[in-house]
Amino acid sequence: MKKQAPTVLDVRDLVIAYPRPGKPPFVAVRGIAFDVRENEFFGIVGESGCGKSTLAKALCGLLPVTSGTAAFAPMPRGAVQMIFQDAVGSLNPRKTIGDALAEVLSVHRLCPAAERAGRIATLLDEVGLPADVAQAYPRELSGGQCQRISIARALAMNPRVLIADEPVSALDVSVQARVLNLLADLRAKRNLTILLISHDLAVVRTVCDRLIVMHAGEIVERGPARDVFAAPKHPYTRALLAAVPDVGDVRRE
């Protein structure tokens with residue numbers, strides 16, 4: 001029997017609420033619980049407003065938790081990194097790609113100044129981009145290229161966990177497949193754990209090992225991805241699955 005991988009993230013009874021002046025707080029995440037294992041590709045799926053992006057931001061420390069816990073296994077600082085949906089908007093339009101990556105390396109003292117150009121070239125190669133992209137500005141690149149830059153910037157921190165919040169929803173379907181394949185390759189190469197947040201069940205169909213489906217701040221379905229797609233139990237999951245086209249040929253690791 002295959003040994004189960006150690007737990008990287010353990011979420012228990014998590015509640016996230018937004019205060020509203022003169023009104024009761026709006027509860028975006030309602031007492032959910034799940035765990036994520038080392039080197040797992042884990043999907044968090046649901047429509048806009050279901051609480052999945054609120055959950056992602058809380059996991060990264062960008063939003064406070066109202067109650068409950070979301071505990072990562074002990075790991076170095078910076079080992080949890082986030083990739084955002086708006087890749088172009090997440091890049092400084094006044095900085096070249098090389099300057100943006102160099103800033104990460106410099107601020108976090110990840111390598112000596114003399115080695116930064118080589119490190120940047122290596123990061124670009126790792127995400128499938130040529131070294132001369134370092135001289136380009138974000139406006140000169142496609143959405144797919146900018147998302148690859150965002151991934152490279154996260155990789156610069158030598159992460160153990162990537163939280164990818166709708167990383168392909170703004171991209172064409174063919175580009176979606178290539179970015180998902182890149183994430184799958186990086187997972188295998190770097191032994192990454194990846195949490196993929198998406199409104200589209202088709203996007204997670206062939207890359208995720210397990211997933212949870214969220215609706216109105218709660219988990220309505222969970223399980224191995226193959227089982228959920230083969231026989232979705234909840235009406236909301238069935239509706240999501242019926243409403244979206246297939247993303248294309250994405251490899252399964």
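Predicted, not measured: the structure shown is a model, and the values here were computed from it.

**Comments concerning the confidence of the model for the protein**
Counting all residues, the mean pLDDT for the protein is 92, and 95% of those residues have values of 70 or more. Contacts from residues 247–253, a stretch scored under 50 in pLDDT, to residues over four places away or in other chains number 26 contacts.

**Looking at the sheet that holds strand 6 (residues 161–165)**
Sheet architecture is open: six strands sit in the order 5-6-7-3-8-9, paired in mixed fashion. Strand pairing shows two members of the sheet lacking a second neighbour, strand 5 (80–83) and strand 9 (218–224), which therefore form its edges. Mean inter-strand twist for the sheet, computed between neighbouring axes without regard to direction, equals 15°. With four bridges joining them, strand 5 and strand 6 adopt parallel strand pairing. In the sheet register, Ile83 faces strand 6, and the bridge partner there is Ala164.

**Overview of the pairing of strand 9**
Judged from the six bridges that link them, strand 8 (residues 210–215) and strand 9 form a sheet pairing that is antiparallel. When the bridges of strand 9 are listed, Arg210 appears paired with Pro224. Linking two consecutive strands that pair antiparallel, namely strand 8 and strand 9, is a turn of two residues; a positive phi of about 55° is found at Ala216 within it.

The rules we used
Residues numbered from 1 in each chain as written. Predicted model: local features only at pLDDT ≥ 70, side-chain atom pairs only at ≥ 80, totals over all residues. Heavy atoms only, no water. pLDDT = per-residue confidence, 0-100. Contact = heavy atoms within 4.5 Å. Pairing = 2+ DSSP bridges. Helix = DSSP H or I, 4+ residues; strand = E, 2+ residues; numbered from the N terminus. Axes fitted to C-alpha atoms, helices over the stretch in contact; angles between N-to-C directions.

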